Amino acid sequence: MSTIQLSRGTFSKKFLTALAVAFLFSAVGSTKAIAGVWAVNATHGISESQQQTIILKGTVTDSNGESVIGASITEKGSPKNGAISDIDGHFSLKLKSNATIIVSYIGFQKQEIAVDGKAIINVVLKDNSELLQEVVVVGYGTQKKVNLTGAVSNINVKDAIASRPITDVAKALQGISPGLTITNKIGGVGAESTIKLRGSIGSLSATSGTSPLILVDNVEVPSLNLVNPDDIESISVLKDAASASIYGTRAAWGVILITTKTGKLNDKVKVSYSNNFAWNTPTKMVRQSSAYDNAVYMMLSAAREGKDFITSIGYNVDNEAVDRMKEWQDKYGNMSQSELGEMQLGRDFEIRGGKTYFYRSFNPVDEFTKEWAPQQNHNLSVTGGSDKTTFNISLGYLDQTGVMKFNSDEYKRYNFNSNVTTKIRDWWKVRANVLFTRSNNSQPYKYTSGQYDAWYYLLRWPAFYPYAAYQGKDFRSAVTDIKQANRETYTSNFTRVNLGTELNPIKDLSINFDYTFSILVDNQKRNGGQVWAYDMFAANPTTAYKNIYGDAQNRVTQQSSYTMSNIFKAYATYNKTIAKKHNFKAMGGFDAETRERLGHYSERRGLVSLDQPEIALAVGDQYVDVDGTSDAYHNEFAAAGFFGRLNYDYNQKYLLEVNARYDGSSNFPSGKKWALFPSASAGWRASEEAFMDWAKPALSNLKIRGSWGTIGNQDVAANSFLSTMAISPSSSWVQNDKQLPYVGSPSVISSSLTWERVTTLDFGLESRFFNDEFGVTIDWYRRTTTNMHSPGATLPSTFGASVPKINYGEMRGDGLELALDYSHSFKNGLGLNLKGTFSKIKEKLTKYNNATKNIYSNYEGKELGEIWGYETDRLFQKDDFNADGTMKAGIASQSLFESGFFKYGPGDVKYKDLDGDGKITYGSNTLEDHGDLKKIGNTLPNFEYSFSIGLTYKGFDFSTFFQGVGSRDLWGIGNVAIPGFMPSEAAYQHQMNYWTEDNTDAFYPRPTSHSWVSNGQNFLRQTRYLLNMSYLRCKNITLGYSLPASLLKKASFQNARIYVSAENLFEFDNISIPIDPETTEDKYGNTQGYSFGRSYPYSRTISFGVQVGF
Amino acid sequence: MKTKIFGLLLLIITFGSCDDFLTRAPLDSIEDNSDFWNNENNIRNTVVGLYDIYFEGYRIGWNRSDYFYGTSVADWTDDLAQTSATFFTKTVPATDATNWTFNNVRRINLIIDRVTKSNLPDEAKNHWLGVGRFFRALEYSRLVSKFGDVPWYDKVIEDNDVKSLYKAKDPRTTVMDNVLADLDFACKNIRESDGLVKGLSVTRAAAMAYTSRIMLFEGTWQKYRAKNTDFAKKYLTASQKAASDLMATNTYSLASSYKSLTNSLSLASNPEMIIYRSYVAGVLTHSLMSFQVEQAEVCSPSKDLVDSYLSINGLPIHQTENTLFKGDKWISDEVANRDSRLADNIDVTSLKLVGVEALYAVSGYMGNRFVNESVRKSADGLSNTNVTDAPIMKYNEVLMNYIEASAELAQLGAYTLSQTDFDKSFNLIRTRAKMPTVKLEGNNLSVNGVIVNDPDRDLDVPSLIWEIRRERRVELVFEGIRFNDLRRWNKLQYADMILNQKLNLGAWLDKEAFVAWYNANNSTPITIDKLKSIKLDREGNAGYIKPILGAQYLRTYAEKDYLYPIPTDQIKLYKDKATQLNDPTITLEPQNPGW
């Protein structure tokens, strides 16, 4: 540390220049794209002081105790008498002893302090980031927040990210900005989040989802996971078309604009280090019921089929087994698994009549997973600047460990980010930026074809499934698989190099050129092998000890892909103010991009040595493609665009912005490659009008703004515009013992197909009250996707192909967003900060060709996400039935849903006969005729909200953040949500409240088999068992303490903070089954989604950390 | 400095105006462009995609084919007694993407269009046009066979070409004239060999063979259903000529073994195969044989089928002069002295009865035409991994087409039958089956001097035609062609279980005698109780096995069953369009008769 401190004093200039040159011209070196635009130039010229009475001295620091360099201290009434704080924040100023000083610095609140004869005044500047002078990063530039006319939300990085044990920026953004919806398909280390802005669907034809474009330093990155949260300086969310359209077609769904930290001119070199140690524990998990309870449940279900036994993979249950499980539970139920030891024939299982019966009860989740999985995170950065050069270098390291007790999964991430900007001439700046991220996700080889993770299997089988060894050998199970598995790793390397320059040929004109090269290389290596176990698929497992997965899994697979892009941007900005009132800002430019993607897959079976799983050391069959997947691909893409923007404001009162972008994309055919997308926005700062003076100071700012814009969506299904022919190696026609290859018929495309257009109309109101302490922002918007690629009008079969898509469909999302904030510093030093957000959106199909209007398909007027189902009346009771089992007269017949053994009886679900026709039906499942079906819910979050409370007092800071979803419904599927979905598999503790003659008031119906159906018999989609996924969750609580400046000085620290933090600490929800409220219906694991509620758990995290600056 | 800047700006503008930059052809998919179609190999690869549609053979995996039973086409005949009847379609379907589909018409027309536009030399171009038109003929003969009148398309229809899309149905004969023109072109221009393996690709011979089949169908349909003699003559002549031309090439001959046609592991060297489908372990396999060796036969040879086999003297079993027939009251008597093809088609060792055998046959007669004993117990013959090759177009059918077309033409006075006609076709098949040859005697056939005159004959049908149809049925049984034969002869009543009592009958079973026989020949004795689930056609313990008792469970036919119904959604679509455009000529109606 001391060496660096030394350097800044003596040879900082040379050091920095050398560093800059090294970066610019070495292969690693590179720069920051636009940071220079808003880097603060702090070298004002201040004239000498006038007549003096005293010499006032002092230090200017920020709320963290960090010295503020370049703050201006002037005498009130004599603006020419002033000083600038130096590198240590010190200043001295000659003035009259009764004077008042004004201390100001960009980004901080201006302060007036009466000198009152004091000789020393130490000033603590208050952060102004929320307030009006705030500068917001927008597309290709910055804009004063007050002058914004588009819907741009600026995220307070410090609050949202800095002190939280966040490993993924996306998770930190959840609930932060109204309109931004972040969901996570599954828990687990390194899992990607899904990001949506203003609506979940957007377009029915967008293939890669309608996620916002993520730009880091003005250039797209493939995933937010690649960004080290610690490197982030600012985040802006461009929500409406008028703000986003400058980025062109891929900005159709909004933009998340991230800038990374840079050094500041004339800043001393600063070294920062922070760490975080965290422990994760599952939020909620389902639990198997005990072996005995499960067996009873099974037998009740079997009885309805007229059976008195259950047979499943390797295990059997009959009435004797039920009794034996009861005995086992009474005798051994209190013993731990280690006391019980190995499986004992006779005690824990037995073989009767050639069938195997298991009695011993396990709790696989508790026995094989850790309660707390550790995680650690370290960040180191060096930043600084001379009068010509600024730089920032940062390193990050993250290590997360999964929850399995052995052979645990592990996620590691390494980040490197550096940028250097240097002034070569007064009019010429050069910058370079290098970003490198490597992540490595390592886990045990997934034997079951990688389809499911271990959680599904741990929770799939009943508690009596044997997890202990017998005679030293294991039974086949998820645990055995993991124990014996080799590893599989998924590695991702992202490198991005940027070189840029800025020219200022004349005053107020800057011209920027940037070239960025980035490459994302993903590698997956899966090391298979063998698993030796008693095969639970055999009638008598203990006689079938073998390598259960056979040759197909005794393999190595390697899959790799890269995405390489070249991006060139050039743009010029010109500012002009005429007569001090008319402010013009013009920006125009050009960008071009090429992107190439290539992927391939190799597999070889027959490992020579299981310990050396390498393709070079395997001797069996080899494969380069897996059926039905497209692991081998090669494609490229190019886009270009001209863009321009004109800002005009009159006295910062009437604001106008006009954008246009002329976009070209290689995704479109010749003649349709280019399209013009205009947008405009305007604002009126009513509070600046003279007639509004009466409202001051209560109303400090009032702005009304509106915007309209349209952006083309180029993310349409691949080759939508090109007639291509599928190639298959197998025609099913064999010659010479091989299938001949064949080429399919050319795809049918409509000759009239063209771009989709996404148009957003947005009205906003921004207001601040009480000296800017309280702010309200409201946005109403309508986003309409027109010309949506959707089926054309039905054609007769004589056409001979499915109807090609045309530009017909239209989808509309209407939304409302509200943000509130309040901050106040009490006289006693207590700082209070409150924030709240609220957003709501509803998406509808307003045009769609579908003559039949089947309620489960897309049709005009459909509200996206709607769930159709029956209204549940109650459970049938005995007196609803006659002695012969037939339903009493007057009760609506449900015979439509009866089949095979299943007839409705006491304890089954009674649906409401909404149309009163005496029977429960679905009509023809169409909008006109849907029988007793009605809309019972919606899978999309209807409204989302969040609030946070922050408190600071004398170095202590406390903050808490709550996020919630007001309404979301889900029809759960699989065994967790549907009791008896597969009655020969596990029944769960939460399902034990089922109907029996002694428990007629139960929540769940009488046990019966639903035979793999999640929408039938007792569990037709209905109101009673619909999952209410609304929640309010405490996302974060943090308590921190910053060491006082006086203490820091002695230890030569600039700042030091320690904190404890908790994520997802608790929540309020109303879900009838024990799953995390953020669970989505994403079909993780398999296409049917049976693993619902049984995939990698979501976590609660507690952590502590240290942040120090030298 | 400023010059530099303007220089750079200029550079940008030049760069930006470059449209080529935005032209990126797909790297890993093929575009439908002329480069592709100028290459014969590419066309071949495109055509190969049609093979498994038109040459299904035994299909793949567990998919049932029209051979033996399991699809409606295979079941809607008089060959199989059934546990539960496969009914004819009862109602007009709302949608029907399986039958009323023009997907392959489009696909084939596209190939024809692209080949026409290609720069291939004439010979190659005509060959591929021939192949394309051959498949179009196959597709349209399917459509016509099912629906009668259908709209004819000989080009790819664009989605905005309302006039063509909604055009009215063309008369059946118009379409079949076009089919005939396609087939004529195919027979003239398709290469004799296309470099692919013989029997596994479309050749000129295949075009001729299919011409004989398709034109025989249409000729007899015109004669018996449409009662249009002129068209009957035209199509029958075409059928006869195509068969005759193919026979004259002397390229194909009958294989020595009849059974080998349907149970060979490889048909590559079989001289009778014009087209067959090859199956290879681990590459492409089927399950047809498994249905005869692994599963009980819930559809099995009917009494009607078994009775149609002649005795080895060449006489029908019930003809008075037939002294060889030993009666049908015991299986070994019944099969004694019969056409060898009976034993090639059913297991004649004993009756396979439900309750007694795990692998039983509902009629007692266990079909086994597709069984290759050498792989009965190995993976090659079990499960869905069967590897026996499937015959698709065989020379014996061409011979049968020839003689039938000739005989039907003779009936119409358009041809004079001669003994030579029989000797070069019918009698070759008889000889292979070790059956006596026939002699043409006026309007009759004789064997060994005895005029054949089947007392069980359908009196509508002249004896000579009856015997030709019998030979066809016996020779080509379980190959999925009987249903269409019945339709074109206007004889769907044979597949009606009430009108044709023998269809719902199996073997004669004397339960007591059977138990006695069984116990004498097996170590674990059974009682008569084991046979209680077998229903007989009369009271008591002896009678013909009668699989279905209740009349309401029997398949009956109606006139409408000759054609499929046009799905209602299509009819409505045309109606709506007619209303919308105020153009009453837009219609798919009339619906096929009776629907």
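The following refers to the structure shown. Bear in mind the structure is a predicted one, so any value in this text is a computation, not a measurement.

1. Quick look at the overall build of chain A
Argument step 1. Of regular secondary structure, chain A possesses 15 helices and 56 strands.
Argument step 2. Over its C-alpha trace chain A gives a radius of gyration of 33 Å, about what one expects of a compact globule, namely 32 Å for 1110 residues.
Argument step 3. Principal-axis analysis of the C-alpha atoms places the extent of chain A at approximately 110 × 70 × 70 Å.
Argument step 4. For chain A, the residues scored as buried account for 55% of the 1110 residues in total.
Argument step 5. Expressed as a percentage of contacts within chain A between residues at least 6 apart in sequence, the contacts between residues at least 24 apart total 71%.
Argument step 6. When the accessible surface of chain A is summed, it comes to about 44,400 Å², and 55% of that surface belongs to carbon and sulfur atoms.
Argument step 7. Across chain A, the 114 positively charged side chains and the 111 negatively charged ones have centroids separated by 7 Å.

2. Topic: the pairing of strand β54 (residues 1031-1042) of chain A
Residues and elements named next belong to chain A.
Argument step 1. Taken across its 12 residues, β54 has 9 buried, putting it largely inside the fold.
Argument step 2. Across 10 bridges, the pairing between strand β51 (residues 956-965) and β54 is antiparallel. For T960, the partnering residue across the bridge sits in β54 and is I1037.
Argument step 3. Bridge analysis of β54 against strand β55 (residues 1055-1069) gives 11 bridges, and the strand direction is antiparallel. Paired with N1036 across the strands is E1063, a residue of β55.

3. With respect to helix α21 (residues 511-521) of chain B
Residue and element names in this part refer to chain B.
Argument step 1. When we look at burial in α21, the residues that qualify are K511, F514, V515 and Y518. For α21, the angular spread of the buried residues around the axis is 100°, confining them to a single face.
Argument step 2. On its buried face, α21 sits against β11 (508-510).
Argument step 3. Between a side-chain oxygen at the N-terminus of α21 and the backbone nitrogen of E512 the separation is 3.2 Å; the capping residue is D510.

4. Concerning a nonpolar patch on the surface
Residues and elements named next belong to chain A.
Argument step 1. On the surface, W279, W372, F956, F958, L1039, V1060, L1065, F1066, F1068, I1102 and F1104 cluster together to form a nonpolar patch covering roughly 980 Å² of accessible area.
Argument step 2. Mapped by element, the contributors of at least two residues to the nonpolar patch are β51, β55 and β56 (1099-1109).
Argument step 3. The element best represented in the nonpolar patch is β55, accounting for 4 residues.
Argument step 4. Checked against the element boundaries, F1104 lands in strand β56.

5. Points about the pattern of salt bridges
All names here are of chain A.
Argument step 1. Within this structure, the stated rule accounts for 107 salt bridges over all chains.
Argument step 2. Between K934 and E871 there is a salt bridge, with the nearest N and O atoms lying 2.6 Å from each other. Here K934 is found in strand β49 (residues 934-938), whereas its partner E871 is found in the loop between β46 (866-869) and β47 (872-875), with 63 residues between them in sequence.
Argument step 3. Among the ionic pairs, E997 bridges to K878, the shortest N-O distance being 3.4 Å.

6. Observations concerning unusual backbone geometry
Generally, phi is negative for residues other than glycine and the peptide bonds are trans, each holding for most cases.
Argument step 1. Omega for the bond connecting E589(B) with P590(B) falls within 30 degrees of zero, at 5°, which places this linkage in the cis form.
Argument step 2. Along the chain, P590(B) falls in the segment after α22 (568-581).
Argument step 3. Phi angles above zero are rare outside glycine, and Y140(A) is one such case at about 55°.
Argument step 4. Structurally, the position occupied by Y140(A) is in the loop between β8 (135-138) and β9 (141-144).

7. Some details on the packing of helix α3 (residues 40-54) of chain B against helix α5 (residues 103-117) of chain B
Residues and elements named next belong to chain B.
Argument step 1. Running from N to C, α3 and α5 point in directions that differ by 155°, and their axes come no closer than 11 Å. Taken together, the axes of α3 and α5 lie roughly antiparallel to each other. Classified by chirality, the crossing of α5 by α3 is left-handed. Together, I43, T46, V47, G49, L50, I53 and Y54 of α3 and N104, R107, I108, I111 and V115 of α5 make up the contact between the two elements.

8. Quick notes on the sheet that holds strand β10 (residues 152-155) of chain A
All names here are of chain A.
Argument step 1. The strand order β10-β15-β16-β13-β14 describes an open sheet built from 5 strands, whose pairing is mixed. Both edges of this open sheet fall to β10 and β14 (219-220), since each of them pairs with a single strand only.
Argument step 2. Sheet topology places strand β13 (residues 213-216) next to β14; 2 bridges connect them, and they run antiparallel. Each residue of the ladder has a partner; that of L215, found in β14, is E220.

9. Description of a negative patch on the surface
Argument step 1. Judged by side-chain charge, D915(A), D917(A), E928(A) and D929(A) come together as a negatively charged surface patch.
Argument step 2. With respect to the helices, strands and loops of the structure, E928(A) is situated in the loop between β48 (909-911) and β49.

About the criteria used
- Residues numbered from 1 in each chain as written.
- Chains lettered and ligands numbered in written order.
- Predicted model: local features only at pLDDT ≥ 70, side-chain atom pairs only at ≥ 80, totals over all residues.
- Heavy atoms only, no water.
- Helix = DSSP H or I, 4+ residues; strand = E, 2+ residues; numbered from the N terminus.
- Rg over C-alpha atoms; globule rule 2.2 N^0.38 Å.
- Buried < 20%, exposed > 50% of the residue type's maximum accessible area, 1.4 Å probe, protein only.
- Contact = heavy atoms within 4.5 Å.
- Areas by Shrake-Rupley, 256 points an atom, 1.4 Å probe, with all protein chains shown as cover.
- Lys, Arg positive; Asp, Glu negative; His and termini not counted.
- Charge placed at Lys NZ, Arg CZ, Asp CG, Glu CD.
- Pairing = 2+ DSSP bridges.
- Arc of directions from axis to C-beta.
- Polar contact = N/O pair within 3.5 Å; in protein donor to acceptor, adjacent residues only side chain to side chain.
- Patch = residues over 30% accessible without salt bridge, like charges linked within 9 Å, V, L, I, M, F, W, Y side chains within 5 Å.
- Salt bridge = Lys/Arg side-chain N within 4 Å of Asp/Glu carboxyl O.
- Axes fitted to C-alpha atoms, helices over the stretch in contact; angles between N-to-C directions.
- Parallel < 35°, antiparallel > 145°, perpendicular 65-115°, else oblique.
- Left-handed = near helix turned anticlockwise from the far one by under 90°.

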